Amino acid sequence: MSDFDVLHQKAKAFYSNYDRKSELQHQTHYCPGCGHGIVHKLIAKAIDELGVQNRTVLVSPVGCSVFAYYYFDVGNVQVAHGRAPAAATGIKRALPESIVISYQGDGDLAAIGSAEILHAANRGEPITVFFINNAIYGMTGGQMAPTTPLGEKSTTSPFGRSIWNEGYPLHISEVLSSLEAPVYIERVALGNNKMIQGAAKAIKKALDTQAKGLGFSLIEVLSPCPTIWKMQPQDAQKWVEEELTKVYPLAVFRDKTKEAQPRPAPKPAPSLETVRDLIAAGKHAQSSPPTDAPPTAFPSRGRKGADLRIKVAGFGGQGVLMLGQVLAEAGLEAGLEVSWLPSYGPEMRSGTSNCHVRIASHEIDSPLVSKPSVLMALNEPSLHKFLNAVEPGGLVLYNGTELPEGADRKDVNYIVQPFTAMADKLGDARAGNIVMLGAAGLFEPSAIDSALRRLVKTERWLELDRRALQAGRECIGVNS
Amino acid sequence: MPKQLIKGNDAIVRGAILAGCRAFYGYPITPASEIAEAAAFYMPQAGGTFLQAESEIAAVNMLYGSAAAGVRCMSASSGPGISLMQEGISYLAGAELPCVIADIMRGGPGLGNIAPEQSDYMQVVKGGGHGCYRALVLAPDSVQEMLDLTMLAFDLADEYRNPVYVLADGFIGQMMEPVEFPERATLPAPPPWAVRGNEETRKNLFTSLYLEPDDLERHVRNLQAKYDRAQREEVRFQQYRTEDADLILVGYGIVARILKSVVNLARAEGIQAGLLRPITLFPFPSEQLRSLAGTASAFTVVELSTGQLVEDVRLAVEGRKPVHLYTRVGGNVPSAEEILNVVRKGALAHV
């Protein structure tokens, strides 16, 4: 008994004892004749042969193979039903050097997880998917799968699958092969020993594809389920060989392993100092050169005890939100507390838009402005909407040649000018908001200028806005 | 470094990256999309991953994968998307995986609208997924807090190995305020429990599956012990003029900002009002409210939902004092003057 070689030693990628099982720790939980055991063995062997055990992370699905982590001595992550390709994406993106396997059954992958597999494949996620297709729900006890052949009975298709009720069986390999990104897709079967040899080859090649960094691969394995099919194991295997392969022909549907380029290596991560600078600089870092101008207080109401509550309103496209931002930036420049709150959503794209700006020498409680001390109305509907809310003694700027009918409050101060028309004469009607800002006289021009330099993206607009600001100041009799 | 005027949604991403977040998975939705947009801009430059997922369901499961790999990760959405994520959040809590999810609340139910509401309180604070789990919930009321609390959220997520929400309304997400950035960015080392695709971590496993009833009970009790510890150690709140307050206003997020105005207006009229603002919604500042029930004569809860926060306040006060409720929904936000009228009536009733 001592002089023979063990040819079928247990793969190293399997645990020697299945400690995570509660009983019968020397054997798997799969039924006799089940295909999962065979596929597990082929995968474990391939992991051994490729020498990637330490790098491998196995994603276990929901279904009979939910306990795949009982057996594989690799990093293990068990996930929600159908979501394995998404979780595998999260792992692979975090650990590009790892070998990530998504192991899924037909209900998991082709029904509840159809969106996740389609998009992972379409993104070309460099993961390996092993798709075990036994044309039935095993763990839940024999319900119809999206891959159940026409006419087959199950507990939820008791009269046989019909094209009129359940539709046709879903051909996943064919569907995924219509995508550009996948590198390797093959359908194999466990119908006889020769087929199993073919499956072994495909499984190893799929893992090797990932090890080479080439991209998405999927192996569909037609697999027997003797228990649910109510067949003897050998009959079940024969049914795979003779019947299931008719519905699902074996083929290599995609093989770009020769011509596919390895993914570019991720760029080295920047230092934490660089990251901090990136975050502190913000998106528009390049368009906001630092200013040497000293901070300026706004003169009109005195810095001490300042509490401006401004409502800016007008049509979408009149620069309502921008005007509010310039005010807030200018306030910040002047060393004051500020807040800017927009109305947002579809109304911004047409119709009216408004924003609330608060500028104060003390901490700002509510950023909402319900009783404005300054109303900047760029159109008539806005004037009517907000005029009554303006606090007595407040300032109302209106974009028009004269106050419209009904705007008859006597206890507020008005500045009424055709700001848009004035801007039009300067070269672009859209600068009307800045003409109004100049007329409002709320800030020293230098504070507004710093704000504009931070917010305005192009030189042309900066120059136009400066002229608009000046025109606004002049129209109320302030000369620079 | 001078303060910078930025949007609340922008502040979330910047805080996340400063806290070492290196993966963002999300799906566009108003009013949270700026978070994904900012992440798409900053994340690759910071050496991280940004991926626009095919759905919120995929996004939350990508979080599950990256969290298992030991990378600080986050997503952001609004009500309808958070509803879709609940399955994954239950799995994250069950598998004890940390992540941060920002919910910028909008109007519901169904498609509702995109205007601000606070109607995700129940599904976020009480847990919208299946099983006995809780998520920690932080509720910023300013843009600075959007940054600060997001950073804190990552620390809490790791400390408790649990999902942590940053729960804000559309207003806090959309508004701009000056923000100060911390001096340093951090990047914690991957935790020892992660699956890193190497020999040292090969033994590690993440699952929420415990087939034996005794095993699952033990697991659920362990989770509960964590939540109990959070209740003891992580309660955060702000009090504003409560020392001598007769009427305690309670609200979070944008409502708390309005209530600060209300307190000031009420005090100017001689009504002794104060504000308690929960900063953590789970764990909830129940003890503080209970102690205020000893000194104040009534509470008024103001929320942008039809009575969600008020349940926790009533549970805390335990019937010791009347708890009134004032609500606006649909995207309507009460003005300070509107609430002041309510306060006046309440004050009259309790003189």
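Residues numbered from 1 in each chain as written. Chains lettered and ligands numbered in written order. Predicted model: local features only at pLDDT ≥ 70, side-chain atom pairs only at ≥ 80, totals over all residues. Heavy atoms only, no water.

**Examining the overall build of chain A**
Logical step 1: Assigned secondary structure in chain A consists of 15 helices and 13 strands.
Logical step 2: The C-alpha radius of gyration computed for chain A amounts to 35 Å, which surpasses the reference 23 Å derived for 480 residues by more than 25%, pointing to a less compact arrangement than a globule.
Logical step 3: Summarising its shape, the C-alpha atoms of chain A cover approximately 110 × 55 × 45 Å along the three principal directions.
Logical step 4: Across the 480 residues in chain A, those meeting the buried criterion constitute 54%. (Helix = DSSP H or I, 4+ residues; strand = E, 2+ residues; numbered from the N terminus. Rg over C-alpha atoms; globule rule 2.2 N^0.38 Å. Buried < 20%, exposed > 50% of the residue type's maximum accessible area, 1.4 Å probe, protein only.)

**Quick notes on unusual backbone geometry**
Residue and element names in this part refer to chain B.
Logical step 1: Of note, the amide linkage connecting Thr30 to Pro31 takes the cis form, showing an omega dihedral of 5°.
Logical step 2: Structurally, Pro31 is set in the loop between strand S2 (23–26) and helix H2 (33–45).
Logical step 3: Phi angles above zero are rare outside glycine, and Arg161 is one such case at about 45°.
Logical step 4: As for its position among the elements, Arg161 is in the loop between helix H6 (143–160) and strand S8 (163–169).
Logical step 5: Residue classification places Arg161 among the partly exposed residues on the basis of a relative accessible area of 22%.
Logical step 6: In this model, Arg241 sits at a positive phi of 55°, which is unusual for a non-glycine residue.
Logical step 7: Positionally, Arg241 belongs in the loop between strand S11 (237–240) and strand S12 (247–250).
Logical step 8: A relative accessible area of 34% means that Arg241 is categorised as partly exposed.

**Section: the sheet that holds strand S15 (residues 298–303) of chain B**
All names here are of chain B.
Logical step 1: Spatially, five strands are ordered S11-S13-S12-S15-S16 in an open sheet, and the strand pairing comes out mixed. Edge positions in the open sheet fall to S11 and strand S16 (323–327), since each of these has one partner strand only. Neighbour-to-neighbour, the strand axes of this sheet turn through a mean angle of 20°, independent of strand direction.
Logical step 2: Examined bridge by bridge, S12 and strand S13 (residues 273–278) share four bridges and lie parallel to one another. Paired with Ile248 across the two strands is Gly274, which belongs to S13.
Logical step 3: Its contacts with the sheet put helix H9 (residues 254–268) on S11, S12, S13 and S15, and the angle it makes with S13 is roughly 165°.
Logical step 4: Packing against the sheet, helix H11 (residues 309–317) makes contact with S12, S15 and S16, and its axis sits at approximately 160° to S15. (Pairing = 2+ DSSP bridges. Axes fitted to C-alpha atoms, helices over the stretch in contact; angles between N-to-C directions. Contact = heavy atoms within 4.5 Å.)

**Quick word on the interface of chain A and chain B**
Logical step 1: Each partner contributes residues to the interface: chain A has 66 residues there, and chain B has 77 residues.
Logical step 2: Put simply, Arg202(B) and Asp73(A) hold a salt bridge, and the shortest N to O gap is 2.8 Å.
Logical step 3: Run the count over chain A and chain B and you get 26 residue pairs in polar contact (both at pLDDT 80 or more).
Logical step 4: Mapped onto the side of chain A that touches chain B, the elements with two or more residues apiece are strand S2 (75–78), helix H2 (84–94), helix H4 (114–123), helix H9 (272–281), helix H10 (320–333) and strand S9 (337–342) of chain A. (Salt bridge = Lys/Arg side-chain N within 4 Å of Asp/Glu carboxyl O. Polar contact = N/O pair within 3.5 Å; in protein donor to acceptor, adjacent residues only side chain to side chain.)

**A look at the environment of Cys31(A)**
Logical step 1: Note that Cys31(A) resides in the segment before helix H1 (35–50).
Logical step 2: Considered as a pair, Cys31(A) and Pro226(A) are 195 residues apart in the sequence and their alpha carbons are 8.0 Å apart.

**A closer look at the sheet that holds strand S7 (residues 251–255) of chain A**
Logical step 1: Taken together, the eight strands give an open sheet; going across it, the order is S7(A)-S5(A)-S6(A)-S4(A)-S3(A)-S1(A)-S2(A)-S10(B), and neighbouring strands pair in mixed fashion. The outermost strands of the open sheet, each flanked by one partner alone, are S7 of chain A together with strand S10 (205–206) of chain B.
Logical step 2: Running over the sheet, helix H6 (residues 193–211) of chain A touches strand S3 (99–105), strand S4 (128–133), strand S5 (184–189), strand S6 (217–222) and S7 of chain A and is turned about 160° from S5(A).
Logical step 3: The strands touched by helix H8 (residues 233–247) of chain A within the sheet are S4, S5 and S6 of chain A, with S6(A) carrying the most contacts at an inclination of about 120°.

**Thoughts on the side chain of Thr56(A)**
All names here are of chain A.
Logical step 1: Inspection of the secondary structure assignment puts Thr56 in strand S1 (residues 56–60).
Logical step 2: Thr56 sits in the buried class, given a relative accessible area of 1%.
Logical step 3: In this structure Thr56 touches Ile47, Val74, Gly75, Ile99 and Ile101, once residues within four positions along its chain are discounted.

**Comments concerning a nonpolar patch on the surface**
All names here are of chain A.
Logical step 1: A cluster of nonpolar residues, Leu150, Ile163, Trp164 and Tyr168, forms a patch on the protein surface that exposes about 510 Å² of accessible area.
Logical step 2: Topologically, Leu150 is positioned in the loop between S4 and helix H5 (172–176).
Logical step 3: Note on Leu150: relative accessible area 38%, which makes it partly exposed. (Patch = residues over 30% accessible without salt bridge, like charges linked within 9 Å, V, L, I, M, F, W, Y side chains within 5 Å. Areas by Shrake-Rupley, 256 points an atom, 1.4 Å probe, with all protein chains shown as cover.)

**Some words on helix H12 (residues 419–426) of chain A**
Residues and elements named next belong to chain A.
Logical step 1: The complete set of buried residues in H12 reads Phe419, Met422 and Ala423. Buried positions in H12, seen along its axis, are confined to an arc of 100° and lie on one side of it.
Logical step 2: For H12, the elements touching its buried residues are strand S12 (395–399), strand S13 (413–417), helix H13 (432–440) and helix H15 (459–475).
Logical step 3: Once H12 ends, the next one or two residues include Gly427, with phi positive near 135°. (Arc of directions from axis to C-beta.)

**Describing the domain arrangement of chain B**
Residues and elements named next belong to chain B.
Logical step 1: What the domain assignment reports for chain B is domain 1 (4–233) and domain 2 (238–349).
Logical step 2: Spacing between the C-alpha centres of domain 1 and domain 2 amounts to 28 Å.
Logical step 3: The interface is formed by 32 residues belonging to domain 1 together with 28 residues belonging to domain 2.
Logical step 4: Around 2400 Å² of area is buried between domain 1 and domain 2 when both sides are counted, 54% of it from carbon and sulfur atoms.
Logical step 5: Looking only at domain 1, the three residues that lose the most surface to domain 2 are Gln118, Tyr121 and Asp141, adding up to 29% of its buried area.
Logical step 6: Put simply, Arg257 and Glu177 hold a salt bridge, and the shortest N to O gap is 2.7 Å.
Logical step 7: Joining domain 1 to domain 2, the criterion identifies 19 residue pairs in polar contact (both at pLDDT 80 or more).
Logical step 8: Sorting the residues of the side of domain 1 that touches domain 2 by element identifies strand S6 (113–116), helix H5 (121–125), strand S7 (136–138), H6, S8, helix H7 (170–174) and helix H8 (213–233) as the ones contributing at least two each.
Logical step 9: Along the lines of polarity and charge, the residues of the side of domain 1 that touches domain 2 split into 19 nonpolar, five polar and eight charged. (Domains from an automatic or database assignment. Buried area = accessible area lost by both parts, 1.4 Å probe. Nonpolar A, V, L, I, M, F, W, Y, C, P; charged D, E, K, R; others polar.)

**Some details on the packing of aromatic side chains**
Logical step 1: Applying the stated criterion across every chain yields a total of 13 aromatic pairs over all chains.
Logical step 2: With a centroid separation of 6.2 Å and an interplanar angle of 70°, the aromatic rings of Phe67(A) and Tyr69(A) are classed as edge-to-face.
Logical step 3: With a centroid separation of 5.5 Å and an interplanar angle of 85°, the aromatic rings of Tyr69(A) and Tyr70(A) are classed as edge-to-face. Across the pair, exposure class does not vary: Tyr69(A) and Tyr70(A) are buried alike.
Logical step 4: Of the aromatic side chains, those joined through ring pairs into one cluster are Tyr18(A), Tyr30(A), Phe67(A), Tyr69(A), Tyr70(A) and Tyr71(A).
Logical step 5: Positioned above the aromatic ring of Trp193(B) is the side chain of Arg161(B), whose terminal nitrogen or guanidinium carbon lies 4.4 Å from the ring centre. (Phe/Tyr/Trp six-rings, centres within 6.5 Å; stacked < 30°, edge-to-face > 60°. Lys NZ or Arg CZ within 6 Å of the ring centre and 35° of its normal.)

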